[in-house]
Amino acid sequence: MVEIEIDGKKVEVPAGSMVMEAANKLGTYIPHFCYHKKLSIAANCRMCLVEVEKAPKPLPACATPVTQGMIVRSNSDKATKAQKDVMEFLLINHPLDCPICDQGGECQLQDLAVGYGKTKSRYQEEKRVVFHKNVGPLISMEEMSRCIHCTRCVRFGQEIAGVMELGMLNRGEHSEITSFVGKTVDSELSGNMIDLCPVGALTSKPFRYSARTWELSRRKSVSAHDGLGSNLIVQVKNNKVMRVVPLENDAINECWISDKDRFAYEGLNTEDRLTKPMLKQGGQWQEVDWQTALEYVAHGLKNVRHEHGANSIAAVATANSTVEELSLLAKVVRGMGSSHIETRLRQSDFSLTGKVTPWLGMSIADFAQLKQVFVIGSFLRKDHPLLAARLRQAIKSGTKLSVLNATDDELLMKVSNKAVLAPSAWTAFLAEIATAIAAAKQIAKPAGLPEVSVSDAAQAIANSLLSANEDNKGGVFLGNTAAQLPNASEIHALAQWIAQHANLGFGYLTEAANTVGAHLVGAVPSDASAVLSADRKAVLVLNAEANHDFADANQANAVLAQADMVVVMSPYKQGMEYADVLLPVSPFTETAGTFVNCEGRAQSFHGVVKPLGDTRPAWKVLRVLGNLLGLEKFDYETSEAVRDEVLGQGQTDLSSKLNNKVEVAVKVSAAAAGLERVSDVNIYATDAIVRRSESLQRTADAKAASSVYLSSAEFARLAINAGDFVKLTQGAASIVMPAALDKSLPATVVRVAAGVLATHQLGAMFGPISVERA
């Protein structure tokens with residue numbers, strides 16, 4: 001530690017720290033633009049010049065290392081004059097259009113100009129003009145004349161997002177920030193550049209000119225989209241969500257959020273919002289009041305139970321629903337005598353039901369400290385953008401990443417070892433790794449493991465994992481694809497054995513905001529049978545859409561179509577082709593609730609706006625339904641009462657209740673013959689709100705889901721070119737799509753997106769598929 005003095009106050013900081021960090025520790029503000037605690041030091045704005053005793057001239061606080069006994073003055077005459085001079089230079093070319101600037105009122109340059117700027121400029125020449133750029137549907141670069149070249153956006157892309165999408169051209173006053181010629185900004189974290197920009201050069205295109213910052217109320221919330229549980233500030237005007245920005249929480253999302261979290265709010269106020277309960281009578285939909293709708297539902301459920309038995313009643317919900325909603329949905333179903341409730345809608349192997357609660361297996365902070373990481377079956381960047389960003393930073397510090405997946409996606413980080421194989425070959429490859437570990441540690445390999453020869457790729461991953469020790473910890477993680485495969489339990493068993501015998505952590509990169517919470521509150525069946533089958537005659541559907549949220553959309557549609565009664569609880573008018581009742585329930589912004597993230601942390605939040613129209617929070621709807629059905633203990637007054645009953649009062653760290661490990665026999669499946677489908681759920685198709693965000697649906701990532709990706713071998717066999725249409729067939733279902741070439745795909749893999757309208761008619765997310773020219 002080094003002791004220095006800043007403005008008469010002494011402070012101790014680690015050797016190698018910069019003066020700026022010491023000032024921050026003291027709570028002393030030094031003006032700056034280019035400095036950011038999460039980015040590298042550029043020292044190019046010079047706004048943070050301070051006086052250092054015995055130094056001949058002012059020095060930048062962000063780039064000056066501390067030394068023992070250093071005396072710093074941040075507001076002396078010498079320092080203040082230097083800061084004012086820098087401000088004068090910055091304003092020479094900056095347009096004086098604050099009244100029409102979208103950043104007005106929250107502009108760092110505007111704020112500092114009050115304290116350090118002059119009332120009149122000595123510069124009479126014409127100001128420079130920088131031509132605007134179009135970099136996609138999310139970020140506006142219409143006013144690049146305002147840019148002060150702090151390079152925060154450039155450094156963010158290189159260091160955090162992992163891809164340099166913006167850079168600087170030219171020198172001096174001709175410098176400008178631009179994208180590569182003809183390219184848009186497509187990173188899944190790109191919106192953070194908007195927050196980082198200290199002026200009005202980079203602004204939010206969806207939010208642009210829709211509200212002034214001083215008109216907005218700011219309310220805390222939690223992301224409802226992926227398993228991280230990012231903390232959010234939701235900004236509201238006239239009871240409408242206008243913008244979403246990150247709430248800093250270093251233990252979870254640091255100071256970043258993904259574009260999915262940032263721009264999904266556009267899907268909250270779309271034209272297809274359901275605002276009144278609706279019943280289908282004589283094939284026609286009509287609006288009714290809540291009392292009529294709920295009495296109709298209760299009467300229908302009782303009739304189905306009487307005619308077909310309790311076993312004919314089921315409920316399905318997405319794991320983006322809150323703890324309170326899922327616990328009461330489970331309570332209604334079980335109160336009627338059925339155990340058929342399911343939230344694992346995209347899974348197809350249920351043999352681990354009741355034995356495993358999927359979670360990260362450690363805290364997010366511990367995950368970021370691992371030195372050996374093996375990820376199985378994950379489209380890491382798109383499935384878990386911020387976990388990938390943490391891993392990217394860890395790899396810069398020496399972490400070794402090994403990957404087993406069906407595609408060779410660009411992860412924008414160094415991958416030490418990788419195996420790109422068709423999913424049916426994964427268990428055989430994991431068996432090779434297990435065999436290598438058993439041989440190295442001179443222990444018996446798992447019972448039931450056949451004799452296999454260890455490939456070089458498997459040996460390399462085994463060696464990497466075995467290098468983990470007390471100071472060099474490692475982990476094995478199963479991604480969304482691994483959990484969704486038809487042989488997910490076999491992959492789990494082998495991955496668990498590898499982790500256990502290589503002394504590694506073991507966990508899941510969980511799919512949805514409340515995947516962990518759904519298991520904790522029992523929103524999964526009590527046995528391994530599939531919930532959706534022809535035996536179900538009454539189905540309650542919460543937040544799920546048959547064409548998007550299920551492993552097999554065709555099967556889901558067929559089951560719902562043959563049921564005597566289907567009750568859809570959703571914020572949107574959807575499912576009208578099979579539903580009998582539509583109940584308008586609140587999205588996460590209009591209700592209080594709790595999500596349990598991948599590390600087992602329960603995070604509660606309140607509604608940030610009032611429910612739209614006659615929309616009601618789903619937990620209240622289910623509470624009233626429970627009363628109408630005559631079920632016991634449905635007298636909750638608040639959502640907190642529901643939460644405390646199922647999670648325990650004041651409980652936030654629930655990791656002690658979670659268990660990833662199970663005693664299960666190891667088994668190796670035979671590799672499939674012929675082509676097999678691999679599905680990734682597009683990053684902007686994961687849930688109902690995201691799917692309705694217009695700006696996100698115009699991104700390159702969303703558009704990528706409209707093509708089928710084939711290997712070079714398939715292109716050669718079919719004699720086609722990129723863009724040609726091909727016919728895909730699964731069972732009795734066929735669709736026609738344009739083909740795109742992915743040279744990294746294994747010869748037997750066909751990559752087709754799931755969760756999008758273009759492919760919902762095709763069938764199961766994984767399994768045999770045939771391709772022919774259209």
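Positions within a chain are numbered from 1, following the residues in the order the chain's sequence is written. Given that this is a predicted model, residues contribute local features only at a pLDDT of at least 70 and side-chain atom pairs are listed and counted only at 80 or more, while totals for whole chains, interfaces and linings are drawn from all residues. The side-chain values count all of the structure's non-hydrogen atoms but skip hydrogen atoms and water molecules.

## Notes on the overall build of the chain
Within the chain, the regular secondary structure consists of 23 helices and 34 strands. Put simply, the radius of gyration uses C-alpha atoms, and a globule should come to 2.2 Å times the residue count raised to 0.38. At 28 Å, the chain has a C-alpha radius of gyration in line with the 28 Å of a compact globule built from 774 residues. By its C-alpha atoms, the chain is 90 × 70 × 55 Å across when sized along the principal axes. Relative to its 774 residues, the chain shows a buried fraction of 60%. Here the analysis covers contacts within the chain between residues at least 6 apart in sequence; of these, 72% occur between residues at least 24 apart. Just so you have it, the chain exposes about 30,400 Å², and 51% of that area is on carbon and sulfur atoms. For this count, His and the chain ends are skipped, Lys and Arg are scored as positive, and Asp and Glu as negative. For charged residues, the charge sits on one atom: NZ in Lys, CZ in Arg, CG in Asp, CD in Glu. Averaging the coordinates of the 79 positive side-chain charges in the chain and doing the same for the 83 negative ones gives two points 4 Å apart. Numbering of helices and strands starts at the N terminus; helices are DSSP runs of H or I of at least 4 residues and strands are runs of E of at least 2. Each residue is assigned to one of three classes by its accessible area relative to the maximum for its type, calculated with a 1.4 Å probe on protein chains only: buried under 20%, partly exposed between the two thresholds, exposed over 50%. In what follows, residue pairs with any heavy atoms lying within 4.5 Å of each other are defined as contacts. Values of accessible area rely on a 1.4 Å probe in the Shrake-Rupley scheme; residue burial ignores everything except the protein chains shown.

## Points about the sheet that holds strand β25 (residues 581–584)
Any two strands are treated as partners once DSSP identifies two or more bridges connecting them. The strand order across the open sheet formed by 7 strands is β15-β14-β25-β24-β23-β16-β17, and the pairing between neighbours is mixed. Every interior strand has two partners, whereas the edge strands, β15 (284–287) and β17 (341–342), have only one. Relative to β25, strand β14 (residues 278–281) runs antiparallel, the two being bridged by 2 bridges. Residue pairing for β25: Leu279 is matched across the bridge by Val581.

## Observations regarding the pairing of β14
In the sheet, β14 pairs with β15 via 4 bridges, with the strands oriented antiparallel. Each residue of the ladder has a partner; that of Lys280, found in β15, is Trp285. The hairpin turn running from β14 into β15, its antiparallel successor, is 2 residues long, and Gly282 in that turn takes a positive phi close to 60°.

## Section: the UniProt feature "domain: 4Fe-4S Mo/W bis-MGD-type" (unreviewed entry) in the chain
UniProt positions are given in the numbering used here, feature names are shortened, and annotations may be inferred rather than shown by experiment. Under the local residue numbering, the UniProt record ascribes the feature "domain: 4Fe-4S Mo/W bis-MGD-type" (unreviewed entry) to residues 216–272. Along residues 216–272, the helical share is 9% and the strand share 35%, with 25 Å between the first and last C-alpha atoms.

## Quick look at the packing of helix α12 (residues 426–441) against helix α13 (residues 456–466)
Working convention: axes come from line fits to C-alpha atoms, limited for helices to the stretch in contact. Angles between N-to-C directions cover 0 to 180 degrees. Two elements in contact, α12 and α13, have axes whose closest approach is 8 Å; the angle formed by their N-to-C orientations is 50°. When the interaxial angle is binned, α12 and α13 end up oblique. Where α12 crosses over α13, the two elements pack in a sense that is right-handed. When α12 is examined against α13, the residues Phe429, Glu432, Ile433, Ala436, Ile437, Ala440 and Lys441 are found in contact with a partner set consisting of Ala457, Ala458, Gln459, Ile461, Ala462 and Leu466. Class assignment for the residues of the contact of α12 with α13 results in 10 nonpolar, 1 polar and 2 charged. Comment on the angle field: the value is read as roughly parallel under 35 degrees, roughly antiparallel over 145, roughly perpendicular from 65 to 115, and oblique elsewhere. In a left-handed crossing the near helix is turned counterclockwise from the far helix by less than a right angle, and in a right-handed crossing that turn is clockwise. Polar here means any residue other than Ala, Val, Leu, Ile, Met, Phe, Trp, Tyr, Cys and Pro, which are nonpolar, and Asp, Glu, Lys and Arg, which are charged; Gly is therefore polar.

## Thoughts on the side chain of Asp549
Along the chain, Asp549 turns up in the loop between β23 (538–542) and α17 (553–562). A polar side-chain atom of Asp549 sits 3.1 Å from a polar atom in the side chain of Arg346. Non-local contacts of Asp549, meaning those with residues more than four positions away in its chain, are made with Thr318, Leu345, Arg346, Asn543, Ala544, Thr686 and Arg691. The term polar contact refers here to a pair of N or O atoms within 3.5 Å; inside protein, the definition further demands a hydrogen-donor-capable atom paired with an acceptor-capable atom, and it admits residues adjacent in sequence only when both atoms are side-chain atoms.

## Notes on unusual backbone geometry
Notably, Asp7 is not glycine yet its phi reads approximately 50°, a positive angle. Looking at the secondary structure, you find Asp7 in the loop between β1 (2–6) and β2 (9–13). For Asp7, a relative accessible area of 27% translates into the label partly exposed. In this structure, Asn543 is a non-glycine residue whose phi angle is positive, near 65°. Checked against the element boundaries, Asn543 lands in the loop between β23 and α17.

## Some remarks on helix α2 (residues 77–92)
Given a rise of 1.5 Å per residue, 16 residues ought to cover 22 Å, and the 23 Å separating the end C-alpha atoms of α2 matches this to within 8%. Residues of α2 that are buried: Ala79, Ala82, Gln83, Val86, Met87, Glu88, Leu90 and Ile92. Structurally, α2 contributes buried residues whose contacts are with β3 (49–52), β5 (71–73) and α3 (108–116). Expected span of a helix, by definition, is 1.5 Å for each gap between consecutive residues, and there is one gap fewer than residues.

## Let's talk about the environment of Lys84
Take Lys84: it is sitting in helix α2. The sequence separation of Lys84 and Tyr116 amounts to 32 residues, and the corresponding C-alpha distance is 4.8 Å.

## Quick notes on helix α1 (residues 19–26)
The periodicity of an α-helix, 3.6 residues per turn, causes residues three or four positions apart to be oriented the same way. Listed in full, the buried residues belonging to α1 are Val19, Met20, Ala22 and Ala23. On an axial view of α1, the arc spanned by its buried residues comes to 160°, and they lie on one face. For α1, the secondary structure elements touched by its buried residues are β1, β2 and β5. Backbone geometry just after α1 places Gly27 at a positive phi near 85°. Each C-beta atom gives one direction from the helix axis, and the arc is the one those directions make.

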